[in-house]
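For reference, the chains in residue letters:
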Amino acid sequence: MQTVESKLVTAGDNRNKAVLELTVNNHPGVMSHICGLFSRRVYNMEGILCMPIDDGRLSRVWIRVTGNGQLEQIAKQLRKLEDVQTVRYHEAEHEVFVQLEDYFRVS
Amino acid sequence: MHKMNGAEVTIRLLERYGIDTIAGIPGGSNLPLYDALSQSGTIRHILARHEQGAGFMAQGMARATGRPAVCFATSGPGATNILTAIADAKLDSIPVICITGQVPQAMIGTDAFQEVDTYGMSIPITKHNFLVRSAKELLTVIPAAFRIATEGRPGPVLIDIPKDVQLESVEFENRPEILPKSILKNYTDEDLRQAAMMINAAERPVLYLGGGIMHSEASSAAINLAEKNALPTTMTLLGLGAMPIDHPLALTMLGMHAARYTNLVMEECDLLVVAGARFDDRATGKIAEFCPGAKVIHIDIDPGEVDKLRTAQVKLVGDVGAILEELLPLVETMKRDKWRARVATLKSEYPFVMPDADNPLMPYGLIRRIAEIVDDDAIIATDVGKHQMWVAQAYPFRRPRQLLTSGGLGTMGFGLPAAIGASLAWPARTVICFSGDGSILMNIQELATAVEQQVNLKVVVLNNTSLGLVRQQQDLFFGKRYFASEYRNHVDFVTIARGFGMQAIDLGESVDPVADLTAAIRREGPCLIHVPIARTEEVYPMVPPGAANIEMIGGEKNADC
């Protein structure tokens, strides 16, 4: 599993962030399903992290989005994906991304 | 203990799920599946002439019966060809299971002969898809595909099976069970009471039925609710037939090509009861100005449709038929004399105008005449274009699944293969396919399949030597600059049909068109009926794309169109 970031958060960008926490079946196509949903429905994904859990049977996916009123609709569409088992969302920044910010700076 | 290869597992499971007909085309990567299929005692194979045709035949079977249908294609071009039919099934929520061959796993990713990323390409156009990695996986994937295709909001599922998986031997003790479907119900009794209270309190309610009524077999429940509470009822393109169009409460289809009065009734309504519909832009026009004074009760199996485009005051997420039945005892018996009188007034002041309804050589007259020749059991398929809208406006649809049409994707080329599929599913019925000269050319090769199968299908080609709806938009919105919409080469469809071995008549050269039309439709077997139509015959009324539904062009009473 790999980390994909679709769009870096620019410095000083403090628009209201939200973070989605997903439990998904772990197989080679599941990231394509999730990223494809975001791009085809024009939902703004700022960052995505994915690592296997539960001995590789499942994966945990963290997605940072800019909260623009679409959060509930995004969660509904994610729940419709066959491989998505649970969707939780945090209507604020979450430490999982905050802790990573050191790794995402220009030089 | 059972021992067989992956291809045999697949075919045995399809038999187990009651599949009796598969449309498809063989190729290098699905030959093991075809070899196993050749040994099936219960499944017949329909050899299409293009994979898109096979996909639409499966759709025709599924749309006409409500049961899932299966189509086969090989890897590479076979898969890319069938994708349009799968995307079409996604947008109209049709349970189609598409099984594609793939190059052997060891060759995946090497740009092998006839290799494309079928899995990757089918993600956005399927409800779910699988790339099967072992024969053993098929024991869970095939049952899962049937569950997913039919559970909740139906939709297409694609299963990509590499050739080595088809050939791999697998042993198993027990045949897999048929998976139960989960029942989605996300509303409370209080939600139902609140919905009923709003219906009872409304002064100008409208019931708005979509394709979900067909999927849920909720037509009777919808009619019962409408009758008890005297709800004027409009239908979307895919909802046509949910309530008989000659029912006293029935309005016409709403939206871009609605009768004027229907869109005006919607404008005045104070409550929309939306059942199995999704506020498609062709139905709503400019969404911000759609039914501006109405509260909304939205009933749908798909939670993602509720509040997607229009906020609902009451959200009833679950099976539409079950919800309508639960609402029935809660709504009051009403007559709504004042509102129904207002609807009647709008209908008489802004009626649907059907020019030349008595002339079988004109669009409305032809459609009305055919409806008189066949009974309500007949299945009506259309292609996409002017003829489709004329049929939606003028054909008297009286039962669910009577009309098969590509609503969401609007795929030209849908009609002929979908009609063949419907005829294969209902061999005793007459199937009419209304098409245009633009649409029929997009899958005309399936005339060969129609003749080979001797389906009782009448293909009615309304030939206006143009891409009519494109030309109409150029006429209205692009300064009459007709570009790339008029065909300069006039195809002889009658000769072409005969070349395929099909009976054909040209109504344009007929001395007695009504007699010839009647005879052609009543004669068993496939037949093409060619009808020349003037390019200038337009579809009215028309709401300009992006405009509000009350901004209708044409179709006025007592006006020359």
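Residues numbered from 1 in each chain as written. Chains lettered and ligands numbered in written order. Predicted model: local features only at pLDDT ≥ 70, side-chain atom pairs only at ≥ 80, totals over all residues. Heavy atoms only, no water.

Okay, the nonpolar core next. The nonpolar side chains of a soluble globular protein tend to be buried, and buried together. Residues and elements named next belong to chain B. With 98 residues, the main nonpolar core has L272, I297, I299, L316, L327, F434 and I529 as its most contacted residues. At six residues, helix α15 (residues 363–373) tops the list of elements feeding residues into this core. If sequence neighbours within four positions are ignored, L327 has contacts with L192, A195, A196, I199, L225, I299 and L316. In this structure, A23, L83, I94 and A497 belong to the second largest nonpolar core, which totals 52 residues. (Core = buried A, V, L, I, M, F, W, Y, C linked by side-chain atoms within 4.5 Å. Buried < 20%, exposed > 50% of the residue type's maximum accessible area, 1.4 Å probe, protein only. Helix = DSSP H or I, 4+ residues; strand = E, 2+ residues; numbered from the N terminus. Contact = heavy atoms within 4.5 Å.)

This next bit is on the sheet that holds strand β6 (residues 128–131) of chain B. Residues and elements named next belong to chain B. Ordered by their spatial adjacency, six strands build an open sheet running β3-β2-β4-β5-β7-β6, and the pairing between neighbours is parallel. Every other strand in the sheet has two partners, leaving β3 (44–47) and β6 as the edge strands with one partner each. Averaged over all neighbouring strand pairs, the angle between strand axes comes to 20 degrees, with direction disregarded. Pairing of strand β4 (residues 69–73) with strand β5 (residues 96–102), which is carried by five bridges, proceeds in the parallel orientation. Bridging across to β5, F72 finds its partner in I99. The strands that helix α3 (residues 51–65) touches are β2 (21–24), β3, β4 and β5; relative to β4, the one it contacts most, it runs at about 175 degrees. (Pairing = 2+ DSSP bridges. Axes fitted to C-alpha atoms, helices over the stretch in contact; angles between N-to-C directions.)

A word on the pattern of salt bridges. Tallied over the full model, the rule gives 31 salt bridges over all chains. R147 of chain B serves as the salt-bridge partner of E82 of chain A, at 2.5 Å between the closest nitrogen and oxygen. Taken together, the positions of E82 of chain A in the loop between α2 (71–80) and β4 (84–90) and R147 of chain B in helix α6 (residues 135–150) put the pair across two chains. The partner of E305 of chain B in a salt bridge is K308 of chain B, and the shortest N-O contact between them spans 3.0 Å. (Salt bridge = Lys/Arg side-chain N within 4 Å of Asp/Glu carboxyl O.)

Residues and elements named next belong to chain B. Taken domain by domain, chain B holds domain 1 (2–172), domain 2 (185–349) and domain 3 (363–532). In this structure, domain 1 and domain 2 have C-alpha centres spaced 37 Å apart. With eight residues of domain 1 at the interface, the matching set in domain 2 holds six residues. Both faces combined, the contact of domain 1 with domain 2 buries some 570 Å², and carbon together with sulfur accounts for 57% of it. The three residues of domain 1 that bury the most area against domain 2 are L91, D92 and R153, which together make up 64% of that side's buried surface. (Domains from an automatic or database assignment. Buried area = accessible area lost by both parts, 1.4 Å probe.)

Moving on, we get to the packing of α15 of chain B against helix α16 (residues 386–394) of chain B. Residue and element names in this part refer to chain B. In the contact formed by α15 and α16, the axes pass within 10 Å of each other and the chain directions differ by 55 degrees. When the axes of α15 and α16 are compared, the pair comes out oblique. Crossing hand, α15 versus α16: right-handed. Seen from α15, the contacting residues are P363, Y364, I367 and R368; seen from α16, they are W390, V391, Q393 and A394. Counted by class, the contact of α15 with α16 contains six nonpolar, one polar and one charged residues. (Parallel < 35°, antiparallel > 145°, perpendicular 65-115°, else oblique. Left-handed = near helix turned anticlockwise from the far one by under 90°. Nonpolar A, V, L, I, M, F, W, Y, C, P; charged D, E, K, R; others polar.)

So, on to unusual backbone geometry. Residues and elements named next belong to chain B. Geometrically, the link from Y540 to P541 is a cis peptide bond, its omega value of -10 degrees lying close to zero. As for its position among the elements, P541 is in the segment after β21 (527–532). Positive phi, close to 55 degrees, is recorded for Q114, a residue that is not glycine. Here Q114 shows up in the loop between β5 and α5 (118–122). Residue classification places Q114 among the partly exposed residues on the basis of a relative accessible area of 26%.

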